[in-house]
Amino acid sequence: MLFLCVFLMVSGTGIVLFADYLWRTQLYGLKYAILVLYSILFCLIAFLFCNAFFGFIELHRPGRRVAISADEAPEPDGELPPTCVLFPIHNEDVNRTMAGVKAIWQSVRRTGRSEAFDFFILSDSTRPDYWVREEIAWFHVAKELDAFDHLHYRHRPDNSGMKSGNISHFLEQWGRRYKYMVILDADSLMTGQTLLRLVQLMEAHSNVGIIQTTPLLVRGETLYARLQQFASWLYSRVYAAGMSFWQGSEGNYIGHNAIVRVKPFMENCRLPRLPWKEPMGGHIYSHDFVEAALIRKGGYEVWLAYDLGGSYEEGPPNLVAGAWRHRRWCQGNLQHLWLLFSNELPLISRCHFLLGILAYTSSLFWFLWLLFSTLVVIQFERSGLSLIPSSGFTRFLRLSLTQHSVVLFALAFGLLLSPKLFGLLDLCLDRRRLRAWGGFWRCTANVVMETLLSVFMAPVFMLWYTLFVVTIPMGKGVKWIAQSRDPRQGLSWRLACRTHAWLTLIGVCWMAVDYSTNRDFFRWMLLINGPLIMSIPLNMLLSSLTAGAWLKRHGFLLTPPEREPGPELETLDESEQSLTAYLDKLPQSTATLALTDPYVNALHVVIQRQTGAATPMPGVNLDGDGLADFKNDPARLFQLLLDDKACLAVHRHFWDNPDESMFEKEDLQPAGHPRPVCMHSLFGRDGAD
Amino acid sequence: MKTAMEQLRADVIAWMRHFTDLPSFDTDEAFLEARLALLLADMPSQWHTLFLATPPLPEAFVAALRERLESVPQFRPGRMEVHSLDLGLVPHLAEAALHTLARTPWLRLIVIWGFFISLFSLLFYFTR
């Protein structure tokens, strides 16, 4: 209630001041539309302010906080309940995924309570090479850790229902074995202590369905990734505390880095299909919000454990990868329009839907607001009239028109910056944390740098989101593909130009119109048009590894784990390097190993059988020519790999008929290796075959 | 007459039978089990000198050959049912309208053109 009062007060003040400003300059025609758009946008920034403000108060006020961890969870005696840790993956970077699995498992082992945890790599990869690579990597890691009892791999033949379908598929096969499941993404990392604490909290609160942690970004290398990482570490603490303050036990779920009570999830959270067809209807893309709402509907609580720590993820390396990810989220969030009016779902859950929708549609509103403002200025300039301000209804403030506009600008900008300022203030009140951030001046310089670059990025994202919000309802949906997380992939000038040329063009045209209309307006609009015009070089700078490395070397945008990395992050780095070295030995067409290599073939066939995924493929032509077709057609090769008997038959055929050219030796030969990868060189002594 | 590969398969299976219970009925299946056992025992890196060696062999290697691979634990099947959700009046109306528009292309054309014409008319009216 307090939150709502402050929110209404702040947003009301801003809206009244702006309405009065328009009134003083004559409120007519398009200005009504501008007022409506401004009101929506101001409500959103007032909400951001309130979140940060109450988060700050929540973190620093004496007494009991609104948090699931406010009560100390007792250490459970004896055995922990069975808990599975799930890694749903789809054509993901195998090295990173398995390195993460390894780092988390080792961290769990260090707690001495690893017996309760089973890890599952739940793949629904559709690219044969990725699939076989996953199997080899899983075997290698499980063997190395001697963890076959606890580290499992499952591949399902299709990816229907995408991530939520993958998890449902798992639950229908093994869900009843486990009391809790922890869901992690391919780029997630969680410490063993945090996993243990999550289980303990669930045990202590039997009415809790989901506990969501706040994953912080790590391992950012490009300038863009480092900015996002810095912001997540510094600002998300107060922001998450603010969220927890108003939502309490009616929190949200973001689909990963969270623990879920399996039984109520299975009973309540099978997703319905939405009316109409994709992209606006059909299968629910942003399943997490809906699952939180459904489990709440089932009578269970959902908490945000903002103070837990030890939960990490990785972000996209550049603006284009970020925009692509947002496009997917945008589609998912827009689908929530269907659920917004359902009386069966709790009100707070519907507020989460609304906030998710506004996160993207606000960009369209902002764009329209700027567009209409430009039209009003053009209209006024063409009228040839002079501006004679009338007295408004806030005359007790005694503001001139210029002062009035400055107050409005300062208010909006102040509210926008408030989460950053509260984040910095929160840090300054804790000397120990401040030292870990490199001291006050260093941190302030970083905040200024991050803010300036955010201001530059904002108009670019505004137009990206506007494009998504307009095109998705028109039927331009997205396919579910693995997101790019590898900074080494880089961003070429060609791709930057292709993806940002339209932004530059809009910026140039808009600036030309502003310049020819009104110089004062032109100068104000440079804040928008400048970044748009510069979007291509800006994008190249932001995706630069060199810029990121330079800043890191000179101590800028450093986060605490970069100064003092924990064992999990160190293990992750080491494991990724060693796995990369190991898997780089594999040939390009890794999938063919499942047919030719005696060990990989055995491993692949047995996994298929044990997971019940083997699917007979009728009419496989086992002669050399027939198999050559499979090699060149990934979709058919995928089908062949699903058939355990066919895999065995092909393997036999390959070794019985070495002269038939069904696979070239090059297929089995990695770059730089003189001989095919078989037997010893893959699983044993390097080059000892 | 056997090919070299068939002979190797038979030798490996016969050798493995000294240590493990391989299914005897099918050569392909037995050879599959044998290959997996060798992989699990880490033969390629640790015991490569013992491949097809005459028994007795080191206990550790024999024990490793008898290990079993379980990529997943035993199934405990369950069902996740979809519960119907009342979306409320507005989505029902929207769905009905969308279906009507999809069924009647001429109506869809009128609505789309009507929307754009009204939008531009409004813009013209306010900025004239």
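Residues numbered from 1 in each chain as written. Chains lettered and ligands numbered in written order. Predicted model: local features only at pLDDT ≥ 70, side-chain atom pairs only at ≥ 80, totals over all residues.

1. Some details on the overall build of chain B
Part 1: Within chain B one finds six helices and zero strands.
Part 2: Listing the helices and strands of chain B from first to last along the sequence gives α-α-α-α-α-α.
Part 3: Since a compact globule built from 128 residues should have a radius of gyration of about 14 Å, the 35 Å found for chain B marks it as more spread out than a globular shape.
Part 4: The C-alpha extent of chain B, read off along each of the three principal axes, is 100 × 35 × 35 Å.
Part 5: Taken over 128 residues, chain B has a buried fraction of 17%.
Part 6: In chain B, once contacts between residues fewer than 6 apart in sequence are set aside, the share between residues at least 24 apart is 32%. (Helix = DSSP H or I, 4+ residues; strand = E, 2+ residues; numbered from the N terminus. Rg over C-alpha atoms; globule rule 2.2 N^0.38 Å. Buried ≥ 20, exposed ≤ 12 C-beta atoms within 10 Å, placed from the backbone. Contact = placed C-beta atoms within 7 Å.)

2. Topic: the sheet that holds strand 9 (residues 301-305) of chain A
Residue and element names in this part refer to chain A.
Part 1: Across the sheet, which stays open at both edges, the seven strands sit in the order 3-2-1-4-8-6-9 with mixed pairing between neighbours. One side of each edge strand has no neighbouring strand; the edge strands of this open sheet are strand 3 (151-155) and strand 9. Neighbour-to-neighbour, the strand axes of the sheet open up by a mean angle of 20 degrees, direction not taken into account.
Part 2: Strand direction decides the pairing type here: strand 2 (residues 117-123) and strand 3, joined by five bridges, are parallel. Looking at the pairing, F120 lines up with H152 of strand 3.
Part 3: The sheet strands contacting helix 6 (residues 192-204) are strand 1 (83-89), strand 2, strand 4 (180-183), strand 6 (208-213) and strand 8 (258-261), and the helix crosses strand 6 at an angle near 155 degrees. (Pairing = 2+ DSSP bridges. Axes fitted to C-alpha atoms, helices over the stretch in contact; angles between N-to-C directions.)

3. Things to note about the interface of chain B and chain A
Part 1: At the junction of the two partners, chain B supplies 36 residues and chain A supplies 47 residues.
Part 2: At the level of secondary structure, the elements contributing two or more residues to the side of chain B that touches chain A comprise helix 2 (27-40), helix 3 (43-46), helix 5 (89-103) and helix 6 (105-127) of chain B.
Part 3: Residues of the side of chain B that touches chain A, tallied by class, amount to 19 nonpolar, nine polar and eight charged. (Nonpolar A, V, L, I, M, F, W, Y, C, P; charged D, E, K, R; others polar.)

4. Things to note about the domain arrangement of chain B
Part 1: Here chain B is described as being made up of domain 1 (4-65) and domain 2 (89-127).
Part 2: Centre-to-centre separation of domain 1 of chain B and domain 2 of chain B, based on C-alpha positions: 72 Å. (Domains from an automatic or database assignment.)

5. Considerations on the nonpolar core
Part 1: In this structure, A:L86, A:V182 and A:I211 are the most contacted members of the largest nonpolar core, which totals 200 residues.
Part 2: Non-local contacts of A:V182, meaning those with residues more than four positions away in its chain, are made with A:T83, A:V85, A:L86, A:L195, A:L198 and A:I259. (Core = buried A, V, L, I, M, F, W, Y, C linked by C-beta atoms within 7 Å.)

6. Quick word on the domain arrangement of chain A
Residue and element names in this part refer to chain A.
Part 1: One can read the domain layout of chain A as domain 1 (1-383 + 414-491 + 543-584) and domain 2 (588-683).
Part 2: On the side of domain 2, 18 residues touch domain 1, which itself brings 16 residues to the contact.
Part 3: Looking at the side of domain 1 that touches domain 2, the elements with two or more residues in it are helix 4 (128-145) and strand 3.
Part 4: A total of eight residues in the side of domain 1 that touches domain 2 trace back to one element, the largest contributor, which is helix 4.
Part 5: When its residues are assigned to classes, the side of domain 1 that touches domain 2 shows seven nonpolar, two polar and seven charged.

7. Considerations on the packing of helix 22 (residues 598-610) of chain A against helix 2 of chain B
Part 1: Two elements in contact, helix 22 of chain A and helix 2 of chain B, have axes whose closest approach is 9 Å; the angle formed by their N-to-C orientations is 105 degrees. The orientation of helix 22 of chain A relative to helix 2 of chain B falls into the category roughly perpendicular. Contacts from A:P598, A:Y599, A:A602, A:L603, A:V605 and A:V606 in helix 22 of chain A reach B:L32, B:R35, B:L36 and B:L39 in helix 2 of chain B.
Part 2: When its residues are assigned to classes, the contact of helix 22 of chain A with helix 2 of chain B shows nine nonpolar, no polar and one charged. (Parallel < 35°, antiparallel > 145°, perpendicular 65-115°, else oblique.)

8. Re the confidence of the model for chain B
Residues and elements named next belong to chain B.
Part 1: On average, residues of chain B carry a pLDDT of 86, and 95% of them reach 70 or more.
Part 2: The least confident element of chain B is helix 3, whose mean pLDDT is 82; the most confident is helix 5, at 91.
Part 3: As a predicted assembly, this complex carries a pTM of 0.91 together with an ipTM value of 0.88. (pLDDT = per-residue confidence, 0-100.)

9. Some remarks on the sheet that holds strand 10 (residues 311-313) of chain A
Residues and elements named next belong to chain A.
Part 1: On the basis of which strands lie adjacent, the open sheet formed by three strands has the order 5-10-7 and mixed pairing. Pairing within the sheet leaves two strands with one partner each, and these edge strands are strand 5 (189-190) and strand 7 (216-217).
Part 2: When strand 5 meets strand 10, the two strands line up antiparallel, connected through two bridges. When the bridges of strand 10 are listed, M190 appears paired with S311.

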